[in-house]
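Listed here are the chains, written in short residue letters.
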Amino acid sequence: MLPIINHPDYVAQIGDDHRFPIKKFGELIKLLRKKNIATTYNTFEPDEVSVPTLLNVHTEEYIDKINNLSLDKDEIRKLGFPLVKSVRRRSFVATGGTVLASKLAVKHK
(Lines give C-alpha, C1' and ligand atoms only; values in the text may rest on other atoms or scores of the structure.)
Protein backbone atom coordinates (compact mmCIF):
# COMPACT_ATOMS: atom_id res chain seq x y z
CA MET A 1 0.00 0.00 0.00
CA LEU A 2 1.17 3.51 -0.85
CA PRO A 3 -0.14 5.80 1.91
CA ILE A 4 -1.18 9.25 0.65
CA ILE A 5 -1.58 12.14 3.04
CA ASN A 6 -3.93 14.94 2.08
CA HIS A 7 -6.17 17.54 3.65
CA PRO A 8 -8.53 20.06 2.03
CA ASP A 9 -6.89 22.80 4.10
CA TYR A 10 -3.56 22.26 2.32
CA VAL A 11 -4.99 24.82 -0.11
CA ALA A 12 -4.80 28.06 1.88
CA GLN A 13 -6.55 31.21 0.70
CA ILE A 14 -3.49 33.28 -0.27
CA GLY A 15 -4.90 34.90 -3.39
CA ASP A 16 -4.64 33.94 -7.03
CA ASP A 17 -1.85 36.46 -7.61
CA HIS A 18 0.56 34.90 -5.07
CA ARG A 19 3.74 33.45 -6.59
CA PHE A 20 3.37 30.11 -4.74
CA PRO A 21 1.09 27.70 -6.65
CA ILE A 22 -0.93 26.66 -3.59
CA LYS A 23 -3.77 25.19 -5.66
CA LYS A 24 -1.45 22.39 -6.83
CA PHE A 25 -2.19 20.44 -3.64
CA GLY A 26 -5.90 20.29 -4.40
CA GLU A 27 -5.30 19.53 -8.07
CA LEU A 28 -2.85 16.74 -7.26
CA ILE A 29 -5.27 14.83 -5.04
CA LYS A 30 -7.99 15.20 -7.71
CA LEU A 31 -5.65 13.69 -10.30
CA LEU A 32 -4.59 10.85 -7.98
CA ARG A 33 -8.24 10.04 -7.28
CA LYS A 34 -9.13 10.20 -10.97
CA LYS A 35 -6.37 7.69 -11.73
CA ASN A 36 -7.44 5.51 -8.77
CA ILE A 37 -4.06 5.98 -7.12
CA ALA A 38 -5.60 7.72 -4.11
CA THR A 39 -8.47 5.67 -2.71
CA THR A 40 -10.40 5.57 0.54
CA TYR A 41 -8.09 2.71 1.60
CA ASN A 42 -4.76 4.50 1.23
CA THR A 43 -5.58 8.18 1.75
CA PHE A 44 -5.13 9.65 5.21
CA GLU A 45 -6.21 13.06 6.50
CA PRO A 46 -3.93 14.48 9.18
CA ASP A 47 -4.86 16.35 12.31
CA GLU A 48 -3.14 19.58 13.24
CA VAL A 49 0.31 19.07 14.70
CA SER A 50 0.34 19.29 18.48
CA VAL A 51 1.95 22.19 20.29
CA PRO A 52 4.23 19.81 22.25
CA THR A 53 5.55 18.47 18.94
CA LEU A 54 6.08 21.99 17.60
CA LEU A 55 7.97 22.92 20.76
CA ASN A 56 10.72 20.53 19.63
CA VAL A 57 11.63 22.98 16.87
CA HIS A 58 9.97 26.33 17.62
CA THR A 59 9.70 28.59 20.62
CA GLU A 60 6.44 28.93 22.47
CA GLU A 61 6.50 32.63 21.59
CA TYR A 62 6.69 31.89 17.85
CA ILE A 63 3.90 29.29 18.05
CA ASP A 64 1.72 31.77 19.93
CA LYS A 65 2.40 34.43 17.29
CA ILE A 66 1.29 32.03 14.53
CA ASN A 67 -1.78 30.99 16.51
CA ASN A 68 -2.73 34.60 17.21
CA LEU A 69 -1.82 35.83 13.72
CA SER A 70 0.53 38.36 15.29
CA LEU A 71 3.85 37.93 13.49
CA ASP A 72 5.69 41.17 12.70
CA LYS A 73 6.40 42.25 9.11
CA ASP A 74 9.85 40.60 8.98
CA GLU A 75 8.47 37.30 10.30
CA ILE A 76 5.63 37.37 7.76
CA ARG A 77 8.16 38.01 4.98
CA LYS A 78 10.21 34.99 6.14
CA LEU A 79 7.05 32.89 6.27
CA GLY A 80 6.43 33.70 2.61
CA PHE A 81 2.65 33.75 2.88
CA PRO A 82 0.15 36.32 4.05
CA LEU A 83 -0.68 35.72 7.70
CA VAL A 84 -4.36 34.81 7.52
CA LYS A 85 -6.43 32.13 9.26
CA SER A 86 -6.24 29.69 6.35
CA VAL A 87 -2.42 29.93 6.28
CA ARG A 88 -2.30 29.30 10.02
CA ARG A 89 -4.55 26.27 9.59
CA ARG A 90 -2.54 25.01 6.62
CA SER A 91 0.71 25.36 8.54
CA PHE A 92 -0.52 23.24 11.42
CA VAL A 93 -2.30 20.66 9.25
CA ALA A 94 0.60 20.33 6.79
CA THR A 95 3.03 19.80 9.65
CA GLY A 96 0.62 17.26 11.12
CA GLY A 97 0.70 15.60 7.70
CA THR A 98 4.48 15.38 7.81
CA VAL A 99 4.32 13.74 11.24
CA LEU A 100 1.63 11.32 10.03
CA ALA A 101 3.61 10.51 6.87
CA SER A 102 6.68 9.63 8.93
CA LYS A 103 4.64 7.32 11.18
CA LEU A 104 3.05 5.62 8.15
CA ALA A 105 6.45 5.25 6.47
CA VAL A 106 7.76 3.40 9.50
CA LYS A 107 4.60 1.27 9.74
CA HIS A 108 4.46 0.33 6.05
CA LYS A 109 8.19 0.37 5.37
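Residues numbered from 1 in each chain as written. Predicted model: local features only at pLDDT ≥ 70, side-chain atom pairs only at ≥ 80, totals over all residues. Heavy atoms only, no water.

Chemist: Which residues make up helix 1 (residues 24-34), and what values do they have?
Modeler: Because an α-helix packs 3.6 residues into every turn, residues spaced three or four apart end up facing the same way. Within helix 1, burial applies to Gly26, Ile29 and Leu32. Summarising the axial view, the buried residues of helix 1 lie within an arc of 130 degrees, below the 170-degree limit, and thus occupy one face. Turned more than 90 degrees off the buried face of helix 1, the exposed positions are Lys30 and Lys34. On its buried side, helix 1 packs onto strand 1 (4-5) and strand 2 (43-44). Remark: asparagine 36 follows helix 1 within two positions and exhibits a positive phi of approximately 60 degrees. (Buried < 20%, exposed > 50% of the residue type's maximum accessible area, 1.4 Å probe, protein only. Helix = DSSP H or I, 4+ residues; strand = E, 2+ residues; numbered from the N terminus. Arc of directions from axis to C-beta. Contact = heavy atoms within 4.5 Å.)

Chemist: Can you break down unusual backbone geometry residue by residue, with the values?
Modeler: We note that asparagine 36 has phi near 60 degrees; this positive angle belongs to a residue other than glycine. The exposed category is assigned to asparagine 36, whose relative accessible area is 61%. Unusually for a residue other than glycine, lysine 109 sits at a positive phi of about 55 degrees.

Chemist: Now, about the pattern of salt bridges: what can you tell me, with residues and values included?
Modeler: Considering all chains together, one arrives at seven salt bridges under this definition. Across the pair lysine 23 and aspartate 16 runs a salt bridge, and its minimum N-O distance is 2.8 Å. In this structure aspartate 16 comes out as exposed when scored by relative accessible area, which is 68%. Among the ionic contacts, a cluster of salt bridges with common partners joins Asp9, Glu48, Arg88 and Arg89. (Salt bridge = Lys/Arg side-chain N within 4 Å of Asp/Glu carboxyl O.)

Chemist: How would you summarise the nonpolar core if you had to cite specific residues and measurements?
Modeler: In terms of nonpolar packing, the biggest core is built from seven residues, these being Val49, Leu54, Ile63, Ile66, Leu71, Leu83 and Phe92. Filtering out sequence-adjacent residues up to four positions away, leucine 54 remains in contact with Val49, Ile63, Phe92 and Thr95. (Core = buried A, V, L, I, M, F, W, Y, C linked by side-chain atoms within 4.5 Å.)

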